Amino acid sequence: MIVRILGEGQYDVAGSAIDRLNELDAAVEAAIAADDEAAFRPALHALLEGVRTIGVPHAIDAIDESDLILPDGDATLEEVRDLLADDGLIPG
């Protein structure tokens, strides 16, 4: 699976890692649902760091469509709320 972090690039993430990313995504969702800015920022940063840690950078010269697109670390709670699907930023 190819995950793009806006403003940063793409990462190849193994399907077996999706459960871990869903755990991190759940924390982002909970912070948004509670309108908790103090919890939102660290949760979003943890999700993005999870992608960076679990994934490997996708070849820069490859032109491949991303399977998932995540906001950058500076995105606001409202911006991320607008991006959320029914099952969070990470489906599954």
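Okay, so let's go over this structure. (Residues numbered from 1 in each chain as written. Predicted model: local features only at pLDDT ≥ 70, side-chain atom pairs only at ≥ 80, totals over all residues. Heavy atoms only, no water.)

1. Some words on the packing of helix 1 (residues 18-33) against helix 2 (residues 37-54)
Point 1. Direction vectors running N to C along helix 1 and helix 2 enclose 165 degrees, while the axes themselves pass 8 Å from each other. Classified by the angle their axes make, helix 1 and helix 2 are roughly antiparallel. Judged by the sense of rotation from one axis to the other, the crossing of helix 1 with helix 2 is left-handed. Residue-level contacts link Arg20, Leu21, Leu24, Asp25, Ala27, Val28, Ala31 and Ile32 of helix 1 to Ala39, Phe40, Ala43, Leu44, Ala46, Leu47, Gly50, Val51 and Ile54 of helix 2.
Point 2. Taken together, the residues that form the contact of helix 1 with helix 2 break down as 14 nonpolar, one polar and two charged. (Axes fitted to C-alpha atoms, helices over the stretch in contact; angles between N-to-C directions. Helix = DSSP H or I, 4+ residues; strand = E, 2+ residues; numbered from the N terminus. Parallel < 35°, antiparallel > 145°, perpendicular 65-115°, else oblique. Left-handed = near helix turned anticlockwise from the far one by under 90°. Contact = heavy atoms within 4.5 Å. Nonpolar A, V, L, I, M, F, W, Y, C, P; charged D, E, K, R; others polar.)

2. What to know about the sheet that holds strand 4 (residues 68-70)
Point 1. Spatial ordering of the open sheet is given by 3-2-1-4, a layout of four strands whose pairing is mixed. This sheet does not close on itself; its edge strands, each paired only once, are strand 3 (56-57) and strand 4.
Point 2. Here strand 2 (residues 9-12) pairs with strand 3 via two bridges, running antiparallel. Looking at the pairing, Tyr11 lines up with Pro57 of strand 3.
Point 3. Set on the sheet, helix 2 makes contact with strand 1 (2-5), strand 2, strand 3 and strand 4; between it and strand 1 the angle comes to about 135 degrees. (Pairing = 2+ DSSP bridges.)

3. Here we look at helix 2
Point 1. For helix 2, with 18 residues, the first-to-last C-alpha span of 26 Å sits near the 26 Å given by 1.5 Å per residue.
Point 2. Turning to helix 2, its buried residues number three or more, namely Phe40, Ala43, Leu44, Leu47, Leu48, Gly50 and Val51. Taken down its axis, helix 2 places every buried residue within 150 degrees of arc, on the same side. Facing away from the buried surface of helix 2 by more than 90 degrees, the exposed residues are Ala38 and Thr53.
Point 3. Buried positions along helix 2 lie against strand 1, strand 2, helix 1, strand 4 and helix 3 (77-83).
Point 4. By the N-cap criterion, in which a side-chain oxygen at the helix start approaches the backbone nitrogen of a residue two or three places on, helix 2 is capped by Asp36, the distance to Ala38 being 3.1 Å. (Expected span 1.5 Å × (residues − 1). Buried < 20%, exposed > 50% of the residue type's maximum accessible area, 1.4 Å probe, protein only. Arc of directions from axis to C-beta. Polar contact = N/O pair within 3.5 Å; in protein donor to acceptor, adjacent residues only side chain to side chain.)

4. Regarding the pattern of salt bridges
Working definition: two side chains of opposite charge can pair if their charged atoms are close together.
Point 1. Going through the model one piece at a time under the given rule, you end up with six salt bridges.
Point 2. A salt bridge links Glu37 to Arg41; the nearest nitrogen and oxygen atoms lie 3.5 Å apart. Residue Glu37 and its partner Arg41 are located together in helix 2, separated by four residues, close to a single helical turn.
Point 3. Overall, the relative accessible area of 41% leaves Glu37 in the partly exposed class.
Point 4. With a closest N to O distance of 3.3 Å, Glu78 and Arg81 form a salt bridge. Note that Glu78 and Arg81 are positioned in helix 3 at a spacing of three residues, about one turn of the helix.
Point 5. For Arg81, a relative accessible area of 31% translates into the label partly exposed. (Salt bridge = Lys/Arg side-chain N within 4 Å of Asp/Glu carboxyl O.)

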